[in-house]
Amino acid sequence: VLLGELGRYRPELVARPRLVVGSKADAADPSLVGRSELDLVISAVTGAGVAERFQDAIWALEQAAGRLRAAARGLELEGWHGTADMLTGWAEEAEGTLTELTSDLVRP
C-alpha cells in the first residue's frame, strides 16, 4: 500500500533503496518479528536495536554518498551532465540525512 502511494506521489522514489523499520519491539510477539519483512526492529522503551542500527545507517549513508559522488564524477567526465547532477543530488540528500542523524544523536 505504502509503495503504491509513494509511486503515485513521486515514481522515482520507489526505485530508491529503503529500510523498513519496525518499532515497539518490546511489545511485539517475537515469533512474528522474526518472520516479518522488516529490515530491522527497534524499541524506544528498551533501546534495543537503536544504537547499533544508527551506526549501521550512518555507515551505509556515508558509503552510499561516496559511491554516488564517484559515479557522478565519472559521468560528468563522459558528458552525462544531467545524470551526474541527479547522482550528486542524491549524495547531498544522503549527506543531509547523515547530518540530521548525527546531530540528533549528540543533542542533549
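So, how was this worked out
- Residues numbered from 1 in each chain as written.
- Predicted model: local features only at pLDDT ≥ 70, side-chain atom pairs only at ≥ 80, totals over all residues.
- Heavy atoms only, no water.
- Helix = DSSP H or I, 4+ residues; strand = E, 2+ residues; numbered from the N terminus.
- Buried < 20%, exposed > 50% of the residue type's maximum accessible area, 1.4 Å probe, protein only.
- Contact = heavy atoms within 4.5 Å.
- Areas by Shrake-Rupley, 256 points an atom, 1.4 Å probe, with all protein chains shown as cover.
- Polar contact = N/O pair within 3.5 Å; in protein donor to acceptor, adjacent residues only side chain to side chain.
- pLDDT = per-residue confidence, 0-100.
- Core = buried A, V, L, I, M, F, W, Y, C linked by side-chain atoms within 4.5 Å.

### Focus: the overall build of the protein chain
Then step 1. Within the protein chain, the regular secondary structure consists of five helices and two strands.
Then step 2. Secondary structure elements of the protein chain, listed N to C terminal, follow the sequence α-α-β-α-β-α-α.
Then step 3. Classification of the 108 residues of the protein chain by burial places 16% in the buried group.
Then step 4. By sequence separation, contacts in the protein chain at least 24 residues apart represent 25% of the contacts at least 6 residues apart.
Then step 5. Per element, the accessible surface of the protein chain, about 8000 Å² overall, is 60% carbon and sulfur.

### Things to note about the side chain of R16
Then step 1. Secondary-structure assignment places R16 in the loop between α2 (11-14) and β1 (21-22).
Then step 2. A polar contact of 2.8 Å, which involves the side chain of R16, links it to the side chain of E93.
Then step 3. Non-local contacts of R16, meaning those with residues more than four positions away in its chain, are made with R10, W90 and E93.

### Describing the confidence of the model for the protein chain
Then step 1. When pLDDT is averaged across the protein chain, the result is 76; 87% of the residues are at 70 or more.
Then step 2. Taken element by element, the protein chain is modelled with least confidence in helix α3 (residues 30-35), mean pLDDT 68, and with most confidence in helix α1 (residues 2-9), mean pLDDT 88.

### Describing the nonpolar core
Then step 1. Of all hydrophobic cores here, the largest spans 10 residues; its members are I58, L61, A65, L68, A72, A84, L87, A91, A94 and L98.
Then step 2. Broken down by secondary-structure element, the contributors of at least two residues to this core are α4 (50-77) and α5 (81-106).

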